[in-house]
Amino acid sequence: MSPTDLAVQEQQAAANRQRVVNDFSIQIATVNGSGSQTANMVLLRSILLMGVPVSGKNMFPSNIAGLPTWYTIRTSKRGYVGRKKEVDFLVAMNAETAKEDVLTLDPGAAVVYDAPLKLDTLRNDLTFYPVPFDKLVAPVCPDAKLRRLVRNMIYDGILANLLGIDMALMEKALGKQLGKKGKAVILNQGALKAGWDYADANFTKQDPYVIEPMNETAGKILIEGNAAAAIGCMLAGVTVVAWYPITPSSSLCESLISYMKKYRIDKETGKATFAIVQAEDEIASLGMVIGASWAGARSMTATAGPGISLMGEFAGLAYYAEAPAVIFDVQRVGPSTGLPTRTAQGDLLQAAFLSHGDTKHIMIIPASVEECYEMAQQAFDLAELFQTPIFVMMDLDLGMNHWMSDGFKYPDKPINRGKVLTDDVLKKIGEWGRYKDVDGDGIAYRTIPGDGMPAYFARGSGHNAKGQYSERPDDYVENMDRLARKFETARQHVPKPVIQNNPKAKIGFIGYGTSHYATEESRDQLREETKVETSYFRLRAYPFTEELAAFVDAHERIYVIEQNRDAQLLQLMKLELTPERVSKLRSVLHYNGLPIDARSVTDDVLAQEGFEVAKKTTARMSAGSAGGE
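Scope of this entry: the structure provided in the associated data block.

Moving on to the side chain of Asn161. For Asn161, the position within the fold is in helix 6 (residues 152-163). In contact with Asn161, other than residues within four places in its own chain, are Trp196, Ala199 and Asp200.

Written out as structure tokens, the structure reads:
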């Protein structure tokens, strides 16, 4: 018996001993522009329809079609949706990356590949399934020009057969994806069936990976964070949007355009009740937003790190003149042009202090598509309540990837426009000054042009409490102190953290945004593999609330988990916490452009906790603790 035959028999025996059900990752390596998005979404949606918790992450090039792209689908019976570091099942369709993709797999993984690549010669510790894609697609799609767009659907059929995915659900997902494109549906159904039939006739399943029905996704939807935020903006009453296209924020405004055209057209006149303007650059876009909000409109823009940099001077104008503005920052790897199609959490310090001089900006930080939807609405209320820019700090992973979610709840609270001067208020306070603090909270009453209330000249330069031009030192100091007082007031109004205190834990984790998913899974790994207990504090806003200091006080060590090199959240904490509290802070940093994964967090924490603990964990893992059913 040859070594190859022996390896195959050993793999079959291992598969029979231990099936891995609803707990593995699939990576699909294709070519950008080849139409793989449809096939990947059909696969993702089919697994969701089987009731299995699932997540999908796209890693694509930032320049031209024809370059490598990878799509990773994770199934998790425990509901984990963060990136899994290991790839268990590879679909290799890209000749340029196939060899490297195969060589980086852990032993025991499975590979579906384009047969001419002959990848089975590279290793004998993997399960290989060669597929003649070109031969299979030719009879399905007579039009040679369309074949490259249809052939990807063949691997969906192959996977459906090998993994046990219901073909009826595959076809349902295909119909959902392609909608009314009848010809495309027929062609892709043919490719789907060709893949299934080929696998059924030619493959004996040798890998352990299986999808079995569950009942964990009833009522769930799949949606991108950018689209969820756009819906939230519309329901918040946004009427003016000014933006300049930039990855990864563009789809937020593009989605908003489509929603507003559908739901915000006056039925009697047929005219739009909104204005969405593509400005000449990010500087102009924020200038338009400030002007519109000063005139009374709820207005916003969306950008990424480079756009935030350009908006610096106008952000200072809005802060100092106290004009509301909502700014979505969908963060990406930088600086400069950076890696615009990779994810990061690298703009916190920039956004917190954007502009010259003394500024402190409010940031709110969603971690899920539900929070993108909800916090989009909160952002407009906060912007008008505090008459200042509000930064909604998303990232590419959240904004551009599809996430599983419950359906969104229609808002049941009226919008809050903050301190807008009325006749009753004017009678109560007597004399009005645009920048006069009458309540002690740092927030002055504003007026809107044309509302019949006293008008004022909005100055971004020096002014006194009445809004009059002034370069008097005492006027400037009084105004700056009031703005600082307003920032302190914001601590009582920004979204509160989500805290999971564990009375057994000496260690606390602080995470935010999409780092949340790796953090939660890492906590489970630490508890199950090493008996290390942790508490968890998920930050949702800056300025920090009083709960932060209390959480630090309750633990011996705090690990701050974030996706940037310079520990930006930890640096913000250092500015506010006492030296005793700061001494407890440690960093877990991830900044390679890929979404953070739990295993990286776990390994980093164990290394910092002590080598002996890390060594025991490694031994336990190598002994075969990878999960089955």
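Picking up where we left off.
Moving on to the pattern of salt bridges. Using the criterion set out here, one finds 39 salt bridges in the structure. A salt bridge links Lys220 to Asp406; its shortest N-O distance comes to 2.9 Å. Of this pair, Lys220 sits in the loop between strand 8 (209-210) and strand 9 (221-224) while Asp406 sits in the loop between strand 17 (402-405) and helix 17 (423-429), and the two are 186 residues apart along the sequence. Lys220 sits in the partly exposed class, given a relative accessible area of 27%. Residue Asp406 is classed as partly exposed on the basis of its relative accessible area, which comes to 38%. For Glu529, the salt bridge goes to Arg599, with nearest N and O atoms at 2.7 Å. One end of the pair, Glu529, is in helix 19 (residues 515-530); the other, Arg599, is in helix 23 (residues 598-609), and 70 residues separate them in sequence. Taken individually, Glu529 and Arg599 each receive the classification buried, so the pair is uniform in this respect. Overlapping salt bridges, with partners in common, bring together Arg298, Asp381, Glu384, Arg417 and Arg446 in one network.

The next thing to look at is the pairing of strand 13 (residues 325-333). The buried fraction of strand 13 is high, at nine of nine residues. Sheet topology places strand 12 (residues 299-303) next to strand 13; four bridges connect them, and they run parallel. Across the sheet, the residue bridging to Met300 is Val326, located in strand 13. Summarising the sheet, strand 13 and strand 14 (residues 339-343) pair through two bridges and their orientation is antiparallel. Directly across from Val333, in strand 14, lies its bridge partner Leu339. Once strand 13 ends, the chain turns through five residues before running back antiparallel as strand 14, passing Ser336 with a positive phi of about 55°.

In this approach a probe as big as a water molecule rolls over the atoms, and the regions it shows empty are the leftover space. A full pass over the atoms with the stated rule returns five cavities of 30 Å³ or more. Of the volumes computed, that of the largest cavity is approximately 70 Å³. Taken together, Tyr319, Lys360, His361, Ile362, Phe386, Thr388, Leu483, Lys486, Phe487 and Ala490 make up the lining of the largest cavity. For the lining of the largest cavity, the leading source of residues is helix 18 (residues 473-490), giving four residues. A domain split of the lining of the largest cavity shows at least three residues from each of domain 2 (223-405) and domain 3 (423-490). Considered as a void within the structure, the second largest cavity measures approximately 60 Å³ in volume.

Looking now at the sheet that holds strand 19 (residues 507-512). Here we have five strands laid out as an open sheet, ordered 18-20-19-22-23, and mixed in their pairing. Of all strands in the sheet, those with a lone pairing partner are strand 18 (498-500) and strand 23 (585-589), marking the two edges. For this sheet, the mean inter-axis angle between neighbouring strands, taken without regard to orientation, is 20°. With five bridges connecting them, strand 22 (residues 557-562) and strand 23 associate as parallel partners. Bridge assignment links Ile558 to a residue of strand 23, and that residue is Leu585. Helix 19 contacts strand 18, strand 19, strand 20 (534-539) and strand 22 of the sheet and is inclined by roughly 175° relative to strand 20. Strands in contact with helix 21 (residues 568-576) are strand 19, strand 20, strand 22 and strand 23; relative to strand 22, the strand with the most contacts, it is inclined by about 130°.

Strand order in the open sheet formed by six strands is 3-4-2-5-6-7, and the pairing between neighbours is mixed. Both edges of this open sheet fall to strand 3 (54-59) and strand 7 (127-131), since each of them pairs with a single strand only. Across this sheet, the average inter-strand angle for adjacent strands is 15°, counted without regard to direction. Relative to strand 7, strand 6 (residues 110-114) runs parallel, the two being bridged by five bridges. Within the sheet, the bridge partner assigned to Ala110 lies in strand 7 and is Thr127.

Now for the packing of aromatic side chains. In the structure shown here, the tally under the stated rule is 15 aromatic pairs. Taking 6.4 Å as the distance between ring centres and 5° as the angle between the ring planes, the aromatic pair formed by Phe89 and Tyr129 counts as stacked. Here Tyr129 lies in strand 7 and Phe89 lies in strand 5 (residues 89-92), a separation of 40 residues in the sequence. Both residues of the pair, Phe89 and Tyr129, count as buried. Between the aromatic rings of Trp403 and Tyr517, the centroid separation amounts to 5.0 Å while the plane-to-plane angle is 35°, which identifies the pairing as tilted. Residue Trp403 is found in strand 17, and its partner Tyr517 is found in helix 19; the two are separated by 114 residues along the sequence. The pair formed by Trp403 and Tyr517 is uniform in burial state, with each residue classed as buried.

Each value, and the rule that gives it
Residue positions are counted from 1 within each chain, in the order its sequence is given. Given that the model is predicted, a residue must reach a pLDDT of at least 70 before its local features are reported, and side-chain atom pairs must reach 80 or more before they are shown or counted; all residues, however, enter totals for whole chains, interfaces and linings. To obtain the side-chain values, all non-hydrogen atoms of the structure were included, while hydrogens and water were left out. By definition, any uninterrupted DSSP run of H or I lasting at least four residues is a helix, any uninterrupted run of E lasting at least two residues is a strand, and each is numbered from the N terminus. We call two residues contacting when some pair of their heavy atoms lies within 4.5 Å. Whenever Lys or Arg places a side-chain nitrogen within 4 Å of a carboxyl oxygen from Asp or Glu, that contact is recorded as a salt bridge. Exposure categories follow from relative accessible area, calculated using a 1.4 Å probe and restricted to protein chains: below 20% of the type maximum is buried, above 50% is exposed, and the middle band is partly exposed. Between any two strands, at least two bridges found by DSSP are needed for them to pair. Every definition here rests on a 1 Å grid over the protein atoms only: cavities are sets of points where a 1.4 Å probe fits but cannot get out, pockets are open sets enclosed by protein on both sides within 12 Å along at least five of seven lines, and lining residues have some atom within 4 Å of a point. Grid points are joined across faces, edges and corners, and a volume is the space filled by probe spheres set on the points. The domain boundaries here were taken from an automatic or database domain assignment. To define axes, lines are fitted to C-alpha atoms, for helices over the stretch in contact only, and angles between the resulting N-to-C directions are given on a 0 to 180 degree scale. The criterion for an aromatic pair is that two Phe, Tyr or Trp rings (for Trp, the six-membered ring) have centres within 6.5 Å, with stacked assigned to planes under 30 degrees apart, edge-to-face to planes over 60 apart and tilted to the rest.

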